[in-house]
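# Reading the structure
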Amino acid sequence: MDKTKPYDIPKQTVWDAFQRVKANKGAAGVDEETIGEFEKDLKGNLYKIWNRMSSGSYFPPAVKAVEIPKKSGGVRILGIPTVSDRVAQMVVKMYFEPKVEPIFAADSYGYRPGKSAIDALRITRGRCWRYDWVIELDIRKLFDRIDHELLMKAVRKHTDSAWEILYIERWLKAPFQMQDGSLVERTMGTPQGGVVSPVLANLFMHYAFDEWMRREHPNNPWARYADDAVIHCRTQKEAKSLLIDLGERFKQCKLELNTEKTRIVYCKDDDRKGNYPVTSFDFLGYTFRPRRSKNRWGKCFINFSPAVSNAASKAMRQTIRGWRMQLKSDVGIDDLSRMFNPVVRGWINYYGCFYKSQLYSVLRHMNRALMYWARRKYKKLAVHKRRASSWLGRLARNRPELFAHWQMGILPTVG
């Protein structure tokens, strides 16, 4: 330990924190410094962070506010810290997260090591088969409205490290810098986009929701991913009563339910009788609703199950249109594969986990975009749409490795 420094923070920890930040990539903050530019004086920049954090003189710069369109409409404010600040936050996260991770509930899935959104979807699917009713829960602007006093009370419960507490408090108060350059003071919330924000949000929700559910409603299983959650109930009456209790609980924690997105849903299938107005809900990009399925003997039945949501499908098609492949006639098919196939593979890996056929329309849209590219690329294909379709179809059969959806058999139609 450096005897001249009040806080014992190893230099190696700062180096390890940078390696994690670099692996996560990310945009530049208010200083417009990229990771590449930060690396030009890596040793000096990391020493500066270590020196200031060890002496207690590190103050985070403003957080760059970026508006991100939401699939459901409106915008979400994403906070982008500088590269230096992301490294500093990672240092604190590396110390603080192991202290709180063991106490988190098994059904809290968001931003946690070894857990994923697919895990949450899988457990929810199974529970929908066992419980007739679901509360689709949405908390209004969780990351923007977390109460600092309540959060810091939870932080102090799990660490007595003076420097962890000091810097978490400073990050909570760091102002937003808006697009016009103005600074906005923050008195609540933890910026979505910050390195330490997810673990802080999970800690807050652990006491506001997870532990409360364990104490007050132990017979109602739930799954939560950050501010999205579902709760399973056996009867409609039970669901209505629980929803009232939830509203009161969130008021106590200075949060608010989004009443437009919070609903009681009937998980209707062949065995569940009765007609109810709401028989579907969205969770993590999937829509759960009654769907026609076949059993092992080929008999059709109605099954309550998840598939990619219409909103997610629309967003993927918009992304494909945004690539404007038809204007990239200066590049070859291998270049397009390198540029876009990783994204398509990611979509298939996530949205193809359940009821994969619902994703096929998006993948066919990708084929149409590739056909428009081919017609711009090659003059002999420009006039004849059928000829272009046949050319792309033959290419897909000869080189299916170019695109992930070709490998799974979603090929262009041969004219």
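Residues numbered from 1 in each chain as written. Predicted model: local features only at pLDDT ≥ 70, side-chain atom pairs only at ≥ 80, totals over all residues. Heavy atoms only, no water.

Moving on: the overall build of the chain. Across its full length, the chain holds 16 helices and eleven strands. Projected onto its principal axes, the C-alpha coordinates of the chain cover approximately 75 × 60 × 40 Å. Among the 415 residues that make up the chain, the fraction classed as buried is 48%. For the chain, the share of sequence-separated contacts (at least 6 apart) that also reach a separation of at least 24 residues comes to 68%. Taking the average place of the 73 positive charges on the side chains of the chain and the average place of its 44 negative ones, the gap between the two points comes to 10 Å. (Helix = DSSP H or I, 4+ residues; strand = E, 2+ residues; numbered from the N terminus. Buried < 20%, exposed > 50% of the residue type's maximum accessible area, 1.4 Å probe, protein only. Contact = heavy atoms within 4.5 Å. Lys, Arg positive; Asp, Glu negative; His and termini not counted. Charge placed at Lys NZ, Arg CZ, Asp CG, Glu CD.)

This part takes up the packing of helix α11 (residues 310-323) against helix α12 (residues 333-351). Their axes nearest at 12 Å, the elements α11 and α12 cross at an angle of 175°. Compared by their axis directions, α11 and α12 come out roughly antiparallel. Along its contact with α11, which presents Ala312, Met316, Thr319, Ile320 and Trp323, the element α12 presents Phe340, Val343, Val344, Trp347 and Tyr351. (Axes fitted to C-alpha atoms, helices over the stretch in contact; angles between N-to-C directions. Parallel < 35°, antiparallel > 145°, perpendicular 65-115°, else oblique.)

Let's shift gears to the sheet that holds strand β9 (residues 281-283). An order of β9-β10-β11 is seen for the three strands of this open sheet, with the pairing classed as antiparallel. Two strands lie at the open edges of the sheet, namely β9 and β11 (300-308), each paired on one side alone. Going from strand to strand, the sheet's axes swing by 50° on average, the running direction of each strand aside. The pairing of β9 with strand β10 (residues 286-294) spans three bridges and is classified as antiparallel. Paired with phenylalanine 281 across the bridge in β10 is phenylalanine 288. (Pairing = 2+ DSSP bridges.)

Turning to the sheet that holds strand β4 (residues 176-177), a few remarks are in order. One open sheet holds the four strands; their spatial order is β2-β1-β4-β5, and the pairing between them is mixed. Each edge of the sheet is formed by a strand with only one pairing partner; in this case those strands are β2 (75-80) and β5 (183-184). Sheet topology note: the strand β1 (residues 63-69)/β2 ladder contains six bridges and is antiparallel. Paired with valine 66 across the strands is leucine 78, a residue of β2.

This next bit is on the nonpolar core. Residues Met53 and Leu246 are the most contacted members of the largest nonpolar core, which totals 66 residues. Among the elements that make up this core, the one with the highest residue count is helix α9 (residues 197-216) (ten residues). With near-sequence residues (within four places) excluded, methionine 53 lies in contact with Tyr7, Ile9, Tyr58, Ala88, Val91, Val92, Trp163 and Tyr167. Listed in part, the 52 residues of the second largest apolar core include Ala117, Cys267, Trp323 and Trp406. (Core = buried A, V, L, I, M, F, W, Y, C linked by side-chain atoms within 4.5 Å.)

So, on to the side chain of arginine 170. With respect to the element layout, arginine 170 can be found in helix α8 (residues 162-173). Here arginine 170 is in contact with Gly56, Ser57, Tyr58, Phe59 and Pro60, once residues within four sequence places are set aside.

Further remarks concern the environment of tyrosine 207. Considering the arrangement of structural elements, one finds tyrosine 207 in helix α9. With 103 residues separating them in the primary sequence, tyrosine 207 and phenylalanine 104 have C-alpha atoms 9.5 Å apart. If we skip the residues at most four places from it in the chain, tyrosine 207 touches Ile103, Ala154, Lys157, His158, Trp212 and Arg249.

Phi is positive for glutamate 32, which is not a glycine, with a value near 65°. Take glutamate 32: it is sitting in the loop between α1 (11-24) and α2 (35-39).

We now examine the packing of aromatic side chains. Within the structure shown, the criterion is met by 24 aromatic pairs. Consider the rings of tryptophan 133 and tyrosine 266, whose centres lie 4.8 Å apart with planes at 45°: the pair is tilted. Linking tryptophan 133 in strand β3 (residues 133-138) with tyrosine 266 in strand β8 (residues 263-266), this pair joins segments that are 133 residues apart in sequence. A relative accessible area of 6% means that tryptophan 133 is categorised as buried. Measuring from ring centre to ring centre gives 5.6 Å for tyrosine 286 and phenylalanine 354, while their planes differ by 75°; the resulting arrangement is edge-to-face. In this pair, tyrosine 286 sits in strand β10 while phenylalanine 354 sits in the loop between α12 and α13 (360-377), placing the two residues 68 residues apart along the sequence. Given the relative accessible area of 0%, tyrosine 286 is considered buried. Taking the ring centre of tyrosine 355 as reference, the NZ or CZ of arginine 291 above it sits at 5.3 Å. (Phe/Tyr/Trp six-rings, centres within 6.5 Å; stacked < 30°, edge-to-face > 60°. Lys NZ or Arg CZ within 6 Å of the ring centre and 35° of its normal.)

Now for helix α10 (residues 236-252). The terminal C-alpha atoms of α10, which comprises 17 residues, lie 25 Å apart, in line with the 24 Å expected from a rise of 1.5 Å per residue. Here α10 has its buried residues at Ala239, Leu242, Leu246, Arg249 and Phe250. Angular distribution of buried residues about the axis of α10 spans 90°; they occupy a single face of the element. Exposed residues on α10 whose side chains face more than 90 degrees from its buried face are Lys237, Ile244, Lys251 and Gln252. Contact partners of the buried residues in α10: β3, α9, β7 (228-233) and β8. Looking one or two residues beyond α10, the residue adopting positive phi is lysine 254, at roughly 60°. (Expected span 1.5 Å × (residues − 1). Arc of directions from axis to C-beta.)

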